[in-house]
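Residue-level listing of the chains:
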Amino acid sequence: VTISDGSSRVTAVLPTGESVEILLYGATVLSWKDASGDEKLWLSEGAKLDGTKAVRGGIPLVFPVFGTAPDHEATSKLPQHGFARNSRWEFLGKSSNESSSNSVKLDFGLSSENLDEAARQLWPYKFGLLYSVTLAPESLSTVLVITNEGDVPFECQTLLHTYFKIKDISSVQVTGLEDSPFHDKVDGVKDKTQSSDPITFSGETDRVYTPVKGPGHPVVITDGGVAKFRVVRDNLDDVVVWNPWVDKSAGMGDFQPKDGWKNMVCVEAGAVSTWQKLEKGDAFEGAQTIYLN
Ligand code: TA6
């Protein structure tokens, strides 16, 4: 495994050729390639990579709030999706990965101490975040451990906002969410239920599912009838499915090319439909493993 630890990003390459690249800003995974160099994540050509804005694409981290929560006093003043994706994280190094020499685990940290003053003012809790990215030949795992390092309890939400690269959204199906309740953020209806059919896309889609089969049941993304990604979760009970389609893509300045919505789908593992309450010293751990089919 070779690791290049640059000033703004960390890249790891396995002996078999797979690679992952993480921007220290937001600890945002920018790229995940298989052994043949095929890119698995969608990254906008207009994504800001200079720390001036959350990255449009890859795997932005959502913490301590998903979206905005105007009626949740403690997080009501935070920017959309919180501050983790807008903060500079520290690379803590490669964890020795006993399991095999052909995988690598990279650790990143963010704590209230290294949060910028503005964010600390808006959410004055003492916390620690440890984010681990594990690259293996057929999978990428991302794990977030949230600890309450203060005396005051806090509530939080977290989500891995994964942008998957696909060939053609009109031939994409997402399975594994059948019969599951969801909040449709496009029309605002909060208590819909997915039919027994796979999810297909024919317009703006923005849904927060709580899959009935639980986190261990894979959510599968197929593209043109071929299964491409299988997402298994641990302790993340919700899955957000998002495609901005034409108008929302047009409205995002950093979304390029404008028809890029045809080549991406977000399937986002998170704990967002309720609040996780962490007492003094408590920890919350949530993980996703994405398997290449
Ligand atoms: O995950 C879906 C979502 O919550 C959408 O509602 C949309 O806002 C998307 O996140 C992107 O949000 P952003 O703040 O990155 O533009």
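Residues numbered from 1 in each chain as written. Predicted model: local features only at pLDDT ≥ 70, side-chain atom pairs only at ≥ 80, totals over all residues. Heavy atoms only, no water.

Named according to an unreviewed UniProt entry, the protein chain is Glucose-6-phosphate 1-epimerase originating from Hypocrea virens.

Enquirer: Explanation requested: the UniProt feature "active site" (unreviewed entry) in the protein chain in the structure shown.
Expert: Sequence positions flagged by UniProt for "active site" (unreviewed entry) are, in local numbering, His 161 and Glu 268. For this annotated set, covering 108 residues, all C-alpha atoms fall within 4.9 Å of each other, a compact arrangement in space. Mapped onto the elements, His 161 comes out in the loop between β10 (154-160) and β11 (163-165). Once you skip the residues sitting within four places of it in the chain, Glu 268 turns out to touch Phe 66, Leu 159, Leu 160, His 161, Thr 162, Asp 238, Val 239, Val 240 and Trp 242. Among the polar contacts listed, one links the side chain of Glu 268 to the side chain of His 161, at a separation of 3.3 Å. (UniProt positions renumbered as here; feature names shortened; annotations may be inferred. Helix = DSSP H or I, 4+ residues; strand = E, 2+ residues; numbered from the N terminus. Contact = heavy atoms within 4.5 Å. Polar contact = N/O pair within 3.5 Å; in protein donor to acceptor, adjacent residues only side chain to side chain.)

Enquirer: Looking at this structure, I do not really get the pairing of strand β4 (residues 28-33). What am I missing?
Expert: Looking down a regular strand, the side chains alternate between one sheet face and the other. β4 sits mainly inside the fold: 5 of its 6 residues count as buried. Inspection of the sheet shows strand β3 (residues 19-23) paired to β4 by 5 bridges, in the antiparallel sense. By the bridge assignment for β4, Val 20 is matched with Trp 32. Linking two consecutive strands that pair antiparallel, namely β3 and β4, is a turn of 4 residues; a positive phi of about 80° is found at Gly 26 within it. (Buried < 20%, exposed > 50% of the residue type's maximum accessible area, 1.4 Å probe, protein only. Pairing = 2+ DSSP bridges.)

Enquirer: It is not clear to me how the sheet that holds β4 should be interpreted in this structure. Could you clarify?
Expert: Strand pairing in a sheet takes place through backbone hydrogen bonds and is either antiparallel or parallel in direction. If you walk across this open sheet you meet the 4 strands as β1-β2-β3-β4, and the pairing is antiparallel. Looking along the sheet, the strands with just one partner apiece sit at the ends: β1 (2-5) and β4. Sheet twist, expressed as the mean angle between neighbouring strand axes with direction ignored, is 10°. (Axes fitted to C-alpha atoms, helices over the stretch in contact; angles between N-to-C directions.)

Enquirer: What is the right way to read unusual backbone geometry from this model?
Expert: Among all residues save glycine, negative phi is the norm, and among peptide bonds the norm is trans. Going from Phe 63 to Pro 64, the amide bond is cis rather than trans, its omega being 0°. The residue Pro 64 is located in the loop between β5 (61-62) and β6 (90-95) in this model. For the peptide bond that leads from Gln 256 to Pro 257, omega is -10°, which places it in the cis range. Relative to the assigned elements, Pro 257 resides in the loop between α2 (245-251) and β19 (264-278). Although it is not a glycine, His 81 sits at a positive phi angle of roughly 70°. Note that His 81 resides in the loop between β5 and β6.

Enquirer: In this structure, what is going on with the packing of aromatic side chains? I would like to understand it.
Expert: Any pair of aromatic rings gets described here by the distance separating the centres and the angle formed by the planes. For the structure on display, the rule yields 17 aromatic pairs. A ring pair is formed by Phe 91 and Phe 108, whose centres lie 5.2 Å apart and whose planes are at 40°; its orientation type is tilted. You can see Phe 91 sitting in strand β6 and its partner Phe 108 sitting in strand β7 (residues 104-111), a full 17 residues away along the chain. Accessibility classification places Phe 91 together with Phe 108 in one group, the buried group. (Phe/Tyr/Trp six-rings, centres within 6.5 Å; stacked < 30°, edge-to-face > 60°.)

Enquirer: How should the site of the ligand be read in this particular structure?
Expert: Taken together, the neighbourhood of the ligand is formed by Arg 56, Phe 66, Gln 80, His 81, Arg 85, His 161, Lys 185, Asp 206, Val 240, Trp 242 and Glu 268. A distance of 3.1 Å separates an oxygen atom of the ligand from a polar side-chain atom of His 81. Computed on the free molecule, the ligand has an accessible area of 390 Å², of which 84% lies beneath the protein chains in the complex. When its residues are assigned to classes, the shell around the ligand shows 3 nonpolar, 3 polar and 5 charged. (Near = heavy atom within 4 Å. Areas by Shrake-Rupley, 256 points an atom, 1.4 Å probe, with all protein chains shown as cover. Nonpolar A, V, L, I, M, F, W, Y, C, P; charged D, E, K, R; others polar.)

Enquirer: Explanation requested: the nonpolar core in the structure shown.
Expert: Here is a general trend for soluble globular proteins: nonpolar side chains tend to be buried in one another's company. Core analysis: the biggest nonpolar cluster contains 73 residues, and Trp 89, Phe 108 and Tyr 131 have the highest contact counts within it. Ranked by residues supplied to this core, first place goes to β19 with 7 residues. Discounting chain neighbours no more than four positions away, the residues touching Tyr 131 are Ala 27, Val 29, Ile 59, Leu 61, Trp 89, Leu 106, Asp 107, Phe 108, Thr 142, Val 143, Leu 144 and Leu 160. (Core = buried A, V, L, I, M, F, W, Y, C linked by side-chain atoms within 4.5 Å.)

Enquirer: For this particular structure, what's the right way to read the UniProt feature "binding site: substrate" (unreviewed entry) in the protein chain?
Expert: Under the present numbering, the feature "binding site: substrate" (unreviewed entry) in UniProt falls on Arg 56, Gln 80 and Arg 85. The named residues occupy 30 residues along the chain; their greatest pairwise C-alpha distance, 13.5 Å, places them in one compact cluster. Note on placement: Arg 56 falls in the loop between β4 and β5. Along the chain, Gln 80 falls in the loop between β5 and β6. If near-sequence neighbours (up to four positions away) are discounted, Gln 80 is found in contact with Gly 67, Thr 68 and Arg 85.

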